[in-house]
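Tertiary structure, described
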Amino acid sequence: MSRRFNVAVAGATGAVGQMMIKVLEERDFPVNEIRYLASERSEGKELSFRGQKVIVRKLGHDSFDGVDVALFSAGGGRSLEFAPSAAEAGAVVIDNSSAWRMDPDVPLVVPEVNPHAVAGYTNRGIIANPNCSTIQMMVALKPLHDYAKIQRIVVSTYQAVSGTGQKAIDELEAEVKQWASGAGEGKGAKGYAGEFDYSAYPYQIAFNCLPHIDVFTENGYTKEEMKMVNETRKILEDDTIMVSATTVRVPVFYSHSESVNLKFADPVSADKARELLSSAPGVKVVDDVSKNIYPMPLDAEGQDLTFVGRIREDISQENGLDLWVVADNIRKGAATNAVQIAELMAEKYL
Ligand code: NAP
Ligand code: 3JN
């Protein structure tokens, strides 16, 4: 009989943790025992795994005895504090936060892109999951980079509110309902401005776009934008790649979209890019503008593939290409990528 693993999910009650549990079930990960961990607020709460009752326990330093794989999505602070204890207890930690991503001893892994990097788990017992916006961009760009070497990336994102968590999903829904209930009648999209208590964002998100994800840094970029710069270089193992990102929150519930402009060292035609992407792991080309066919967040929701369309040669520069890249941020951008890493570990290393 093939081996089964004891799995802990830290942050099991959250948006990402819940999806991790769903993806473990869907992909039939070989689980022996499952342990759900969260804050004191959720202690004793009843959840389930494959139809069996599982009681949520409080995350602590002693939560990981006998655990083989610990999936973390309880925020960076918890990852910094508890991942070392999990690793010390013998678990391999797969962490969804930014806490360990840029640690040179911690592999940062997208299974379709740099599966070899997981071997570095032996350094600290921790593997980092990249940021959602980085993951989908890497899945789409790796085959093109291997073919013609990317020199520069200019990316603008259109990020769904689910990236902020359940609170933001609820806020967008409440704003839309309030507007539709008549509060905004005859006043355009700003119908109820001033009447609503925003808490997920500094402004109304319904009918709006906020060029602001995570906090602003000293260079004028946000932390989310700098994650895309630094994580791209680490995953592609090339510090010479230039990246400029603008990350934008849009009133979409699930799936991030990205407009990506690329400059390559060597020429790559749109047809060649379509051919390379058509056989790339984890990618689906959705690109027939003669029939108005291109990727959209509504179509990507609930899926694990990264969808690429609007593939065209850049008319403003040599060796340039433009793409539109869409993926479900909670699945491929977080939970599915983490479970795929666990599968790699289970197949080859545990
Ligand atoms: P969420 O819905 O707010 O869930 C947060 C989870 O963390 C809940 O299970 C919560 O437990 C738990 N938690 C909070 N404080 C805790 C504490 N002191 N001790 C133990 N558990 C605690 O957030 P989310 O959207 O799932 O995101 C969770 C984290 O995943 C983020 O902070 C981020 O680091 C990471 N993330 C990564 C990506 C990515 O791009 N790869 C995308 C989204 C999120 P309670 O229910 O008991 O409060
Ligand atoms: O906003 C999004 O669309 C993605 C958010 C990711 C996120 C949210 C809170 C904390 C992260 C992340 O994964 O980079 C973090 C973090 O820094 O851990």
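Everything here concerns the structure above.
Just so you know, these numbers come straight off a predicted model, no measurement behind them.

**Here's the deal with the layout of surface pockets**
- There is about 1400 Å³ of room inside the largest pocket.
- Along its surface, the largest pocket is lined by 48 residues, and V16, S73, G75, G163 and T164 are the ones closest to its centre.
- Elements supplying a minimum of two residues to the lining of the largest pocket: α1 (15-26), α2 (76-88), α4 (166-183), α5 (223-235) and α8 (331-348).
- Here the residues of the lining of the largest pocket sort into 15 nonpolar, 22 polar and eleven charged.

**Concerning the site of ligand 2**
- If you check the shell around ligand 2, you find 13 residues, and the closest are S98, R101, Q159, K227 and R249.
- Within the side chain of R101, an N or O atom sits 2.7 Å from an oxygen atom of ligand 2.
- Here an oxygen atom of ligand 2 sits 2.6 Å away from a polar atom, N or O, in the side chain of K227.
- For ligand 2, the cavity whose grid points lie within 2 Å of the majority of its atoms is the largest pocket.
- Classifying every residue of the shell around ligand 2 gives two nonpolar, seven polar and four charged.

**Quick word on the site of ligand 1**
- As a matter of local geometry, ligand 1 sits amid 25 residues, with T13, S39, R41, S42 and C132 nearest to it.
- Between P130 and ligand 1, the recorded distance is 3.2 Å, taken from a backbone N or O atom to a nitrogen atom.
- The separation between a nitrogen atom of ligand 1 and a polar main-chain atom of G333 is 3.1 Å.
- Against a free-state accessible area of 920 Å², the protein chains account for coverage of 76% of ligand 1.
- For ligand 1, the cavity whose grid points lie within 2 Å of the majority of its atoms is the largest pocket.
- Looking at the shell around ligand 1, the elements with two or more residues in it are α1 and α8.
- Split by residue class, the shell around ligand 1 holds nine nonpolar, 13 polar and three charged.

**Some details on the side chain of E231**
- Among the structural elements, E231 can be located in helix α5.
- Polar contacts involving the side chain of E231 include one to the main-chain amide nitrogen of N131, which spans 2.8 Å.

Rules used throughout
- Residues numbered from 1 in each chain as written.
- Chains lettered and ligands numbered in written order.
- Predicted model: local features only at pLDDT ≥ 70, side-chain atom pairs only at ≥ 80, totals over all residues.
- Heavy atoms only, no water.
- 1 Å grid on protein atoms, 1.4 Å probe; cavity = no way out; pocket = protein on both sides within 12 Å on 5 of 7 lines; lining within 4 Å.
- Points joined across faces, edges and corners; volume = space filled by probe spheres on them.
- Helix = DSSP H or I, 4+ residues; strand = E, 2+ residues; numbered from the N terminus.
- Nonpolar A, V, L, I, M, F, W, Y, C, P; charged D, E, K, R; others polar.
- Near = heavy atom within 4 Å.
- Polar contact = N/O pair within 3.5 Å; in protein donor to acceptor, adjacent residues only side chain to side chain.
- Sits in = over half its atoms within 2 Å of the grid points.
- Areas by Shrake-Rupley, 256 points an atom, 1.4 Å probe, with all protein chains shown as cover.

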